[in-house]
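# Architecture and fold: a report
Chain by chain, the residues:
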Amino acid sequence: MEYALELRGITKRFGPIVANDAVDFDLKPGEVHALLGENGAGKSTLMSVLYGLYTPDEGEIRVDGRPVTINSPLEAIDLGIGMVHQHFMLVPVMTVAENIVLAQEPTKGALLDVDASKARVRELSERYGLAVNPDARVEDITVGMQQRVEILRALYRGARILVLDEPTAVLTAQEANDLFRVLEALKADGTGIVFISHKLNEVLEIADRVTVLRRGKRIDTVPTQGATEESLARLMVGREVLLRVEKPPAQPKEAVLEVTDLEVSDDRGLPAVRGASLTIRAGEIVALAGVDGNGQSELVEAVTGLRPVQTGTIRVGGTDLTDSGARGMVRHGVSHIAEDRHRRGLVLNFTLAENLALREYNTPKLSNGWLLSLKRMRDRARGLIREYDVRGGGPSSLALSLSGGNQQKVVIAREIACNPRVLVAAQPTRGLDVGAIEFVHRRLVSERDAGRGILLMSLEFEEVRSLADRILVIYEGEIVGEFPPDVSEEELGIAMTGGGRQREAAA
Amino acid sequence: MSTELEPQPGEVEGEEIAEGYAQTPAARLAAYFDGGGVLVPVLTAVLAFFVGGLVILITGHNPLSTYKAIFNGSGLNWIFPWVSGSERTTAALNLQQTLIITVPLILTGLAVAFAFRCGLFNIGGLGQYLVGGYIAVWVGSSFAGMPSVLHIIFAIVAGTLGGAAWAGIAGLLKATVGAHEVISTIMLNWIAVWLGAYLFALNGPLQNTDPSQQSVPISNDIVAGAKLPVFWGDPELQGLHIGIFIALAAVVVFWLVLNRSTTGYEVRAVGFNPEAARYGGINVSWNYFLVMAVCGAFAGLAGTLDLLGWQFHIATNDVLNSASGGLAFFGIAVALLGRNTASGTVIAALLFGALLSGTSQRNLDPNIFEPELAGNLTFIIQGLVVLIVSADVIVLTMLRRGRSMFKRRSATAPAAKAEAS
Amino acid sequence: MSTAVATAAPTRAVNPRHAGWAGIVLGFVAWFIALPPAEVRTPVPSILIALLAITAGAWAIYGGEKRFGGWAIAAGIIGGAGAYASTQSGTGHLEDVVTWSALIAATLRYATPLVFGALGGIMSERSGVVNVGLEGMMLMGAFFGIFGADLLDSWFLGLLVGMAAGGLLAFVHAFFSINLRADQIVSGMALNFLALGVTGYIFLDHYGDQGTPDNISRIPDISIPGIKNLSFFGDAIGRTNTLTWVALILVVLLTIFLFRTPQGLRLRSVGEHPRAAETVGISVPRTRYLAVISSGVLAAMGGAYLSIGFIGSFNQGMTAGRGFIALAAVIFGKWYPGGALGAALLFGFSTALAQRLPAFSPSGAVLFQALPYVLTLIAVAGVIGRSRPPAAVGQPYVKE
């Protein structure tokens, strides 16, 4: 048996949703096999099955030709499978050495053998060129370093199959180069590597073979020899377009939102948006397209007053609104359909009437001075529920009792009811079914035609292409290109993955 | 991370909800209380009393006659029309006792409940109650020449503000540096206790000025004009004072602010989901401070009314004894059993008020059950109530999970992405 | 916490951190020389030393060592003021209060239950479970310790019974926190009430009004032969209760356990990042159960020390907030056994002073009892450097 790992016909369902549909995947020793696909294509689910986090509904896993069942990460580790998680599983306050040896500590009598731990770490790090300081605390070292610690931990535990889940998503270009050198060394040593990514250029650079997943199905497995970014992008996105929105051509008018040289930090204080500028005019939908984690969330939060701006200005209708806070933004005409309706967009334990009042509960529309007007809140809710066809509850139902699509309608109703000049829609169809998606799309188009400027942040190719009048591509916190909506999938895909950077420099 | 809400039909988003939603444990509790209905608290109380009954049984007493004696001791038998004659007179006296104790229980219950509704856990009711009392006793025993009504109002306002300021320290620390309110309110409780032990100690700044009492560590008595009028029973025998109306008014204020005002809207939004509140433009830190101060005002008012209504003076021993199992701690059980609602708090306060006065030396028939034992039985029941409430989150989770699974089965197949991270 | 603070410092002359330490020491010295046995009767030298301490503190702050500098300034102010007050009072009074050997002995007595409680708190919280039920667990140890000692006529068996009772209450906490995912703070508070009721109930039911008998077997003191007769050391540590020594030994053992053994490393990883621990194959529930139960056992030892070691009797609610001071010591000691010991000694010292100071001012002395709480309040406010609890503390963990 020449394969280190074989996955045969893996099917994993979550309720009615098929996350993996009879997927085949195999890996030879000393090979880098990339797993490529859009967000939601089923990559992480497949690897969670491999790592014992999910039990597959159907299919077989073979390691070194032997059929195995993997019920826990521990069993995966024992089979020589190591995982480098996208969100590192490291204890921040502990040292590098402690994190690496955790749960398989060398001992001297009953005590931890600290010197032996450090020696093992040094030995491994020299062997694969993974320079780390065993005494440093994990919270004090860079993200790139932390990733090395994760890799070292897998190697320390004898991994011969290493799964890297979007390893470059958090790295700088230099760090990514360093990582690739390490992977070459591991390859030479006979370790098989599964490389999960949606960055085409990287896949071409590091992988030997590529398996493309789309909507839970394996589309194809091809050698990278002879493959191009275009050919991979075509496989990844597919040809058929399921959703087409009928819309008249846009008639853009005056600029309503002007963002200039915006710089914003992420939660850890690292730069996330680096000097982005953009303009949105009344009566157009501008999509902010990009792969997750390239600063689009931070940009949206800054524009809607939820995240402090480091430098740069945000103007709405000519007025400078930088640093005016969430309420200030709403008051001046920027509404926000939040990315995560459970975490931010809704108070799930509030009634629909209360949720619909979240923006304007303290304005004369809904209160008499200090007292809420429950009647007006209810009446307005009833009107909005009818207008937006919210089903499954009335003004006094709790938001958590609604389905996701109807919850989203509540958010949209509230945000449009503020009569904004600019509507920021962040992933407005995330997690919705087809009918609800269609509703959201139609509504966004009709609001555009009513003269609002719409900033659409989306991770879905199709949504961006079918809704937008202009497409701005964000990559590593910078706006790297502008495209018309009829841009080819390949071209868009390449720009979003940092490929066509030079070509589009003029735009 | 996941006593959180179930994902709704139509999506597969396990983890996103968990991150950041209902971070504070108190917020999580508060979130669940809405769904419980009246059944869960009733079952909680029944279960606690049942286990208490087992304890009585195991130690060789008759639970039924004991509970009956406690019931009669609480004076609640007064409501039965067939109770008459001297029995009725005793019942009236007992019921006055019960209601006197119910007053601070309602208010300390509100002090915990209001915080819970904002996602905070106020364990500092004791300290706020004590500080309110210190100020009330100082004001009430000074200014002897003031007109009675003015004097009472002055004392009440001062005591209430004192409690508010004391709790405000914890609120300020939470709002500015994020200090956990549980730790800071516990510390403030004990600081208040020792402060009292200092104020009224021998030669302490507020020790009494009566020449014949110089060896007693006790405060001056409230002057006659500052005492709350008694409207039911004999003022000499601790009749029921008008504080009960003030407490009930506080309940109305609590309900009105929470459910009818823009402030209450903000408080509840912060309590359920601080991140969504921030998104809605609400100043979360300010709400933390404000809510703690209001809670302190409720508890401070409780201390004030007790002083002006029936205690009239503070001894250092009372202060030190209150530190473990004092009246103010019952506010936690009252609020949790009352589901942090206005009406629930009143009913739970009455229940614990009846239990406390029904087991007191003065009211319980010692031939049936020793009052000292019964007092400890009260602590056991209080502990069980709080313990069961702490875990009924899980009962409700299971209820809800069952319900949403049923829903999911009947929902139309949603085409959503299934990338679980 | 020792991040790069000293980088911008004026390191040329004196290391600012050393300056801070020197300031703290000088602050103590300023007061010390005004007290017996030195008893300098004029405040001038003390005040000069105190000013030096404040200067050192200011230097340290200027150099970037805010925390040490702040402490040094505080020590200077307190030391100077204390010294001034001391020189203004009569020597007789002073010698009544400040008998160092007796103060040390009293400090150890008062600190012992706090050390046990704090070690218990550290075990539980390091594993990620908040334990505000320490007070109740101590109370269980106090009552069932003496109850067992009385019934079985052996202090040792009594101690074991007390420890088992504390462990049982902790088991309830573990079950509610881990299996039922209860709110850990609410559950802990509930156990305090429950313990108060249960111990009081059985105590009264069994002993009635007379209270516990006088002749119950007690935990013996240890007389150290060589030291017993030395005047100073003899009075200070010559006759100290067995459990006091056990507490001190446990501080060392627990430090080794937490920071030098594989099991300790795993326990801490569970408290910091349970999911990471789970992915390398550590059982989070099992680790937390063991930690919480040992937490109850340790706290109960502190309680048993009170009843059958220190006082020799039981009365209702006799722990009187010591469980909460232990909790404060955990926080003040930044979740380190050594730190908690330091905090417990400081808190014990303030109680010891409060017991002796009435010679000066009967009312003011009692304020020293509040010192632990005030200091902890200041600590959680982050004024003297934020103390950081284990990251996952208080959060119920659910397997993926």
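Notes on the structure in this doc start here.

Each value, and the rule that gives it
Residues numbered from 1 in each chain as written. Chains lettered and ligands numbered in written order. Predicted model: local features only at pLDDT ≥ 70, side-chain atom pairs only at ≥ 80, totals over all residues. Contact = placed C-beta atoms within 7 Å. Helix = DSSP H or I, 4+ residues; strand = E, 2+ residues; numbered from the N terminus. Nonpolar A, V, L, I, M, F, W, Y, C, P; charged D, E, K, R; others polar. Axes fitted to C-alpha atoms, helices over the stretch in contact; angles between N-to-C directions. Parallel < 35°, antiparallel > 145°, perpendicular 65-115°, else oblique. Left-handed = near helix turned anticlockwise from the far one by under 90°. Pairing = 2+ DSSP bridges. Expected span 1.5 Å × (residues − 1). Buried ≥ 20, exposed ≤ 12 C-beta atoms within 10 Å, placed from the backbone. Core = buried A, V, L, I, M, F, W, Y, C linked by C-beta atoms within 7 Å.

### What to know about the interface of chain B and chain C
Across the contact, 49 residues belong to chain B and 45 residues belong to chain C. Elements that contribute at least two residues to the side of chain B that touches chain C include exactly helix 2 (25–33), helix 7 (148–177), helix 8 (181–199) and helix 16 (371–410) of chain B. Considering each element in turn, the side of chain B that touches chain C owes the most residues, 16 residues, to helix 16 of chain B. When the residues that make up the side of chain B that touches chain C are grouped by side-chain class, the tally is 35 nonpolar, 13 polar and 1 charged.

### Overview of the packing of helix 6 (residues 125–141) of chain B against helix 12 (residues 284–311) of chain B
Residues and elements named next belong to chain B. Viewed as axis vectors pointing N to C, helix 6 and helix 12 meet at an angle of 45 degrees, and their least axial separation amounts to 7 Å. By the criterion of interaxial angle, the relationship of helix 6 to helix 12 is oblique. Two packed elements cross with a definite hand, and for helix 6 against helix 12 that hand is right-handed. Contacts between helix 6 and helix 12 pair Gly125, Gln128, Tyr129, Leu130, Val131, Gly132, Gly133, Ala136, Val137 and Gly140 from the former with Gly296, Ala299, Gly300, Leu301, Ala302, Gly303, Thr304, Asp306, Leu307 and Leu308 from the latter. Partitioning the contact of helix 6 with helix 12 into residue classes produces 10 nonpolar, 9 polar and 1 charged.

### Some thoughts on the pairing of strand 2 (residues 17–27) of chain A
Pairing geometry for strand 1 (residues 5–14) of chain A and strand 2 of chain A, over 7 bridges, is antiparallel. Within strand 2 of chain A, the residue paired with Leu5(A) across the bridge is Leu27(A).

### Some words on the sheet that holds strand 14 (residues 271–281) of chain A
Residue and element names in this part refer to chain A. Across the sheet, which stays open at both edges, the 4 strands sit in the order 14-13-16-17 with antiparallel pairing between neighbours. Both edges of this open sheet fall to strand 14 and strand 17 (319–320), since each of them pairs with a single strand only. Examined bridge by bridge, strand 13 (residues 255–265) and strand 14 share 8 bridges and lie antiparallel to one another. Of the residues in strand 14, the one forming a bridge with alanine 255 is arginine 281. Across the sheet, helix 9 (residues 296–303) touches strand 13, strand 14 and strand 16 (311–316), and the angle it forms with strand 13 is around 120 degrees.

### Concerning the sheet that holds strand 2 of chain A
Residue and element names in this part refer to chain A. Here 4 strands make up an open sheet; going across it, the order is 2-1-4-5 and the pairing antiparallel. Sheet topology places strand 2 and strand 5 (66–68) at the edges, where each strand pairs with a single neighbour. Shown here is a sheet whose adjacent strand axes are inclined to one another by a mean of 30 degrees, direction ignored. Contacting strand 1, strand 2 and strand 4 (58–63), helix 1 (residues 43–50) runs over the sheet at an angle of about 65 degrees to strand 2.

### Some thoughts on helix 8 (residues 184–207) of chain C
All names here are of chain C. When the terminal C-alpha atoms of helix 8 are compared, their 33 Å separation across 24 residues agrees well with the 34 Å that a helix rising 1.5 Å per residue should span. Across the 24 residues that make up helix 8, a large majority, 20, are buried. Within two residues after helix 8, glycine 208 carries a phi angle of roughly 60 degrees, on the positive side.

### Quick look at the nonpolar core
One finds Phe298(B) and Ala329(C) to be the most contacted residues of the largest nonpolar core, which totals 407 residues. Looking at this core element by element, the count peaks at 17 residues for helix 12 of chain B. Setting aside residues up to four positions removed in sequence, Phe298(B) forms contacts with Leu107(B), Leu110(B), Ala111(B), Phe114(B) and Ala250(B). Core analysis: the second largest hydrophobic core is formed by 22 residues, Val29(C), Ala30(C), Phe68(C) and Ala75(C) among them.

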